[in-house]
Amino acid sequence: MKSEFTPPFGKITQIVGQCISLIGNDIDTDRIIPARFLKCVNFDSLGKSVFEDDRETLKGQHPFDLEENKNASILIVNSNFGCGSSREHAPQALMRWGIKAIIGESFAEIFYSNCIAIGIPCFTLPKKSIQDIQKYTDNKSLFLEIGIKNSLAKSKDLNFNLEIKESSRKMFLSGEWDATSTLLENENLIENKFNNLPYLKF
Amino acid sequence: MSQDTLFDKVWDLHKVSSLPGGSDQIFIGLHLIHEVTSPQAFGALKDKNLKVKFPSRTVATVDHIVPTDNQSRPFKDNLAEQMIDTLERNCLQHKINFFNIGSGNQGIVHVVAPELGLTQPGMTIACGDSHTSTHGAFGSIAFGIGTSQVRDVLATQTIAMNKLKVRQIWCDNKLSSGVYAKDLVLHIINKLGVKAGVGFAYEFAGPAIDELSMEERMTICNMSIEGGARCGYINPDEKTFSYIKNKLYAPKNENWDKALLWWKSLKSDENSIYDDVIKLDASKVEPTVTWGITPGQSLGINQQIPQLADLSPNDQFIAEEAYEYMGFKPGQSIKDTPVDVCFIGSCTNGRISDLRVAAKVLKDKKVSEKVKAFVVPGSEKVATEAKKEGLDEIFKDSGFQWREPGCSMCLAMNSDKLIGNQVSASSSNRNFKGRQGSPSGRTLLMSPAMVAAAAINGKVSDVREFINI
Ligand code: SF4
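Here the structure is a predicted model, which is why all the values come from computation and not from measurement.

1. With respect to the overall build of chain B
Here is step 1: Counting its secondary structure elements, chain B contains 16 helices and 19 strands.
Here is step 2: For 469 residues, the compact-globule estimate of 2.2 N^0.38 gives 23 Å, and chain B sits close to it at 21 Å.
Here is step 3: Expressed along its principal axes, the backbone C-alpha trace of chain B runs to roughly 55 × 55 × 45 Å.
Here is step 4: Within chain B, contacts between residues separated by at least 24 positions form 75% of all contacts whose residues are at least 6 apart in sequence.
Here is step 5: Summed over all atoms, the accessible surface of chain B reaches about 17100 Å², with 49% contributed by carbon and sulfur.

2. Focus on the overall build of chain A
Here is step 1: Looking only at helices and strands, chain A has eight helices and seven strands in total.
Here is step 2: Along the three orthogonal principal directions, the C-alpha set of chain A runs to about 65 × 40 × 30 Å.
Here is step 3: Sorting the 202 residues of chain A into buried and exposed places 52% on the buried side.
Here is step 4: Partitioning the intrachain contacts of chain A with sequence separation of at least 6 by distance along the chain shows that 70% fall at a separation of at least 24.
Here is step 5: For chain A, the computed accessible surface area is about 9700 Å², with 49% contributed by carbon and sulfur atoms.
Here is step 6: Of the charged side chains in chain A, 24 are positive and 26 negative, and the gap between their average positions amounts to 2 Å.

3. Here we look at the domain arrangement of chain B
Residues and elements named next belong to chain B.
Here is step 1: Under the domain assignment used here, chain B contains domain 1 (6-264) and domain 2 (288-465).
Here is step 2: Put simply, the middle of domain 1 and the middle of domain 2, counted by C-alpha atoms, are 24 Å apart.
Here is step 3: On the domain 2 side, the residues contacting the 44 residues of domain 1 number 43 residues.
Here is step 4: Where domain 1 abuts domain 2, roughly 3400 Å² becomes buried across the two surfaces, and 55% of that area is made up of carbon and sulfur atoms.
Here is step 5: When residues of domain 1 are sorted by the area they lose upon contact with domain 2, Thr68, Ile108 and Lys182 head the list and together hold 19% of the total.
Here is step 6: Summed over the shared surface of domain 1 and domain 2, the number is one salt bridge.
Here is step 7: Arg430 is paired through a salt bridge with Glu226; the nearest N and O atoms lie 2.8 Å apart.
Here is step 8: Linking domain 1 with domain 2 are 29 residue pairs in polar contact (both at pLDDT 80 or more).
Here is step 9: Those elements that place two or more of their residues in the side of domain 1 that touches domain 2 are helix 4 (109-115), helix 6 (181-192) and helix 8 (214-222).
Here is step 10: Here the side of domain 1 that touches domain 2 gets six residues from one element, more than from any other, and that element is helix 6.
Here is step 11: Class assignment for the residues of the side of domain 1 that touches domain 2 results in 17 nonpolar, 20 polar and seven charged.

4. What about the sheet that holds strand 10 (residues 200-205) of chain B?
Strand pairing in a sheet takes place through backbone hydrogen bonds and is either antiparallel or parallel in direction.
Residues and elements named next belong to chain B.
Here is step 1: Spatial strand order, 11-10-9-12: four strands in an open sheet with parallel pairing. Either end of the sheet is taken by a strand with one partner, and the two such strands are strand 11 (231-233) and strand 12 (276-281). On average, each strand axis in the sheet is inclined to that of its neighbour by 20°, with strand direction left out of account.
Here is step 2: Across six bridges, the pairing between strand 9 (residues 165-172) and strand 12 is parallel. Following the sheet pairing, Gln168 is matched in strand 12 by Val277.
Here is step 3: Relative to strand 9, helix 6 is tilted by about 125°, and along the sheet it contacts strand 9, strand 10 and strand 12.

5. With respect to the nonpolar core
Residue and element names in this part refer to chain B.
Here is step 1: Phe7, Ile65, Phe143, Leu184, Phe204 and Trp263 are the most contacted members of the largest nonpolar core, which totals 100 residues.
Here is step 2: Once residues within four sequence positions are removed from consideration, Phe204 is found in contact with Ile169, Ile188, Ile209, Ile220, Cys221, Ser224, Gly232, Tyr233 and Ile234.
Here is step 3: Counting 56 residues, the second largest nonpolar core, distinct from the first, contains Leu355, Met446, Ala452 and Ala455.

6. Here's the deal with the interface of chain A and chain B
Here is step 1: With 31 residues of chain A at the contact, the number on the chain B side is 44 residues.
Here is step 2: At the boundary of chain A with chain B, total buried surface from both sides reaches about 3300 Å², with 66% on carbon and sulfur atoms.
Here is step 3: Ranking the residues of chain A by area buried against chain B places A:Lys39, A:Val41 and A:Phe202 at the top, with a combined share of 24%.
Here is step 4: For the pair chain A and chain B, the interface holds four salt bridges.
Here is step 5: For B:Lys53, the salt bridge goes to A:Glu191, with nearest N and O atoms at 2.9 Å.

7. Digging into the site of the ligand
Here is step 1: Within the structure, the ligand sits among B:His64, B:Ile108, B:His110, B:Asp129, B:His131, B:Ser346, B:Cys347, B:Cys407, B:Cys410, B:Leu411, B:Asn429 and B:Arg435.
Here is step 2: A breakdown of the residues in the shell around the ligand according to their chemical character gives five nonpolar, five polar and two charged.

8. Quick look at the UniProt feature "binding site: [4Fe-4S] cluster" (unreviewed entry) in chain B
Residue and element names in this part refer to chain B.
Here is step 1: With numbering aligned to this structure, UniProt lists the feature "binding site: [4Fe-4S] cluster" (unreviewed entry) at Cys347, Cys407 and Cys410. Over a stretch of 64 residues, the named residues converge on one spot in the fold, their C-alpha atoms separated by at most 8.8 Å.
Here is step 2: Secondary-structure assignment places Cys407 in the loop between strand 17 (401-402) and strand 18 (423-426).
Here is step 3: Ignoring sequence-local partners within four residues, the contact set of Cys407 consists of Asp63, His64, Ile108 and Phe343.
Here is step 4: On the accessibility criterion, Cys410 (6% relative accessible area) is buried.
Here is step 5: Apart from the residues lying within four places of it in its own chain, the contact partners of Cys410 are Phe343, Ser346, Ser428, Asn429, Arg435 and Gln436.

9. Observations concerning the layout of surface pockets
The rolling of a water-molecule-sized probe over the atoms marks out the regions of remaining empty space.
Residues and elements named next belong to chain B.
Here is step 1: Within this model, the second largest pocket holds a volume of roughly 750 Å³.
Here is step 2: Taken together, 29 residues make up the lining of the second largest pocket; nearest its centre are Asn190, Gly296, Gln297, Leu311 and Asp315.
Here is step 3: Broken down by secondary-structure element, the contributors of at least two residues to the lining of the second largest pocket are helix 6, strand 14 (298-300) and helix 11 (313-326).
Here is step 4: The leading source of residues in the lining of the second largest pocket is helix 6, at five residues.
Here is step 5: Grouping the amino acids of the lining of the second largest pocket by side-chain chemistry returns eleven nonpolar, twelve polar and six charged.
Here is step 6: Counting the residues that make up the lining of the second largest pocket, at least three belong to each of domain 1 (6-264) and domain 2 (288-465).

10. A word on empty space enclosed by the protein
Here is step 1: Enumeration according to the criterion identifies two cavities of 30 Å³ or more in this entry.
Here is step 2: For the largest cavity, the calculated volume is near 170 Å³.
Here is step 3: For the lining of the largest cavity, the secondary-structure elements that each account for two or more residues are helix 3 (89-97) and helix 4 (109-118) of chain A together with helix 2 (39-48) and helix 5 (147-156) of chain B.
Here is step 4: Of the residues assigned to the lining of the largest cavity, the class counts are eight nonpolar, four polar and six charged.
Here is step 5: By volume, the second largest cavity amounts to about 40 Å³.
Here is step 6: Together, B:Leu32, B:Val59, B:Ala60, B:Thr61, B:Phe99, B:Val109, B:Val112, B:Ala113 and B:Leu118 line the second largest cavity.
Here is step 7: Contributions of two or more residues to the lining of the second largest cavity are made by strand 4 (58-61) and helix 4 of chain B.

11. Some points on the sheet that holds strand 1 (residues 15-18) of chain B
All names here are of chain B.
Here is step 1: On the basis of which strands lie adjacent, the open sheet formed by three strands has the order 1-2-8 and antiparallel pairing. With partners counted over all chains shown, the strands left at the sheet margins are strand 1 and strand 8 (158-161), one partner each. For this sheet, the mean inter-axis angle between neighbouring strands, taken without regard to orientation, is 25°.

What counts, and at which threshold
Residues numbered from 1 in each chain as written. Chains lettered and ligands numbered in written order. Predicted model: local features only at pLDDT ≥ 70, side-chain atom pairs only at ≥ 80, totals over all residues. Heavy atoms only, no water. Helix = DSSP H or I, 4+ residues; strand = E, 2+ residues; numbered from the N terminus. Rg over C-alpha atoms; globule rule 2.2 N^0.38 Å. Contact = heavy atoms within 4.5 Å. Areas by Shrake-Rupley, 256 points an atom, 1.4 Å probe, with all protein chains shown as cover. Buried < 20%, exposed > 50% of the residue type's maximum accessible area, 1.4 Å probe, protein only. Lys, Arg positive; Asp, Glu negative; His and termini not counted. Charge placed at Lys NZ, Arg CZ, Asp CG, Glu CD. Domains from an automatic or database assignment. Buried area = accessible area lost by both parts, 1.4 Å probe. Salt bridge = Lys/Arg side-chain N within 4 Å of Asp/Glu carboxyl O. Polar contact = N/O pair within 3.5 Å; in protein donor to acceptor, adjacent residues only side chain to side chain. Nonpolar A, V, L, I, M, F, W, Y, C, P; charged D, E, K, R; others polar. Pairing = 2+ DSSP bridges. Axes fitted to C-alpha atoms, helices over the stretch in contact; angles between N-to-C directions. Core = buried A, V, L, I, M, F, W, Y, C linked by side-chain atoms within 4.5 Å. Near = heavy atom within 4 Å. UniProt positions renumbered as here; feature names shortened; annotations may be inferred. 1 Å grid on protein atoms, 1.4 Å probe; cavity = no way out; pocket = protein on both sides within 12 Å on 5 of 7 lines; lining within 4 Å. Points joined across faces, edges and corners; volume = space filled by probe spheres on them.

Dropping the structure here:
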């Protein structure tokens, strides 16, 4: 896992980082974080356990164990990524490993909304483009600069027009994905309620 | 859109703002936390460098993971110990009132808050637990929330939420003897379906509801979520007020008078508008038992497990899964099904009145030798009162084990679990596959009186044949 973890907050307009490819359709949340890690008191320790069972099987050859991927932050996946249970632990584990954005052919619905809620933008690309990126990252590292405003991913050699749900795009640009911060903006109104609710005076 | 219902009034009172995305920002008057869903939320506060906004509006207890045999610390289960320890430290650090084991006030969060007088009419109440709907029995608007919303309540005392629609469920006449609130709510879920309540708050009303005690009303509201409704409530009345009076956190003296005045103004107007109204006849409800793997798959004690053709196409798929998992055949009677384990407890039916009813059935009787039976009081207060009334002795004399308070085999996060494909007669609220600790364990939900009857006979029985109730 990367050194100090700081979660994203406020507006998210751009993500810059190295790509890491994970090939396969229907990668479910049980594979992302096996169920035994759910009885835990915080998400902190989940980063090191992400894909634990898959990594165990591949004995050091899993993309999340390769030295050259150590600092990667943009995950490239295929279709129906994150299917299975609704556990928020799955995107939390990815985030705490170091993932800041995901580009895939498609995502499972609850996984997708859990990602948005914790500040991981998920983009889609056609199968062909995903495969191009995955081939490219087989040979050398790919660094991408993703602009959320224009949904464009740029690198030295490649350019992609990414797809993202319009509502999610707006939420990242405005910071509204970060419910706590949005709610805190009304601090005065909250204080007002606290001071005026009848039963808080009994 | 509903208008002038209690739900509308309480919602409007607590609305802080309309958020750009279309949801409302709602102030939470009382926030309840426990060891399972709060630690990650406290972790998120730390990550974001935030404080608990109004620590006085959050109270904590420990319930899900506590052992019910030996509660001495450290717990034998390391993970359980780590969870209670984390909660203790979080409460200490953030100055949150924590009802720990041995305080006299510990217990299942939804049993504890009402019995301490924390739950009051007109409040909004949230807890990282789906059975928070229980508190609606007092005319509060109470719902379960997810971990990130627990974080939001800690940090801001508010959450973002879309307003719910309101469905009134009008229950005519009254329950016949030997039939309890649990039977009524299982019946309602069976009639409406487990998904019907999605997007709705359920208002339970009518003569049959008026007749119920506060504890029975809690049983009804508790299981709203099993019908898909995140929130269920009952308009407050004299019973509500007298239940709260003199409780530890109830308003006192002139504050009591002020509170009473305000509470009396809180109910759905005579001509309020509902999004939907459903009527049913409570006198027709029989002692009810679940036969399947959702709380909607239930039937009267004298009925047969439905044939596939009797079910709507929507229900057929899950019914087939249920026949197979439960090992039942369509057309088979539920009565006389042998049971291995009998469990009385949970936030649905672990209150003093539940223990009284069960004890009445068990008095001077013996539990079948084939059955392991145990009772887990819902809270330390329930346990104390039961002992004072000698109920613990009645249970023990009959062959029931008497345990310490907690959630226990409602969800089996401690060591109380079914083994293999054992069948349990359980007073809890969920009969999902594997819910009671064994991946092939089978759960039959029923009222505490029916659990007691099943314990004596070693098989599902009609409690009405037992006693003159
Ligand atoms: S008793 Fe069961 S349903 Fe109630 S809070 Fe505990 S685990 Fe949840």
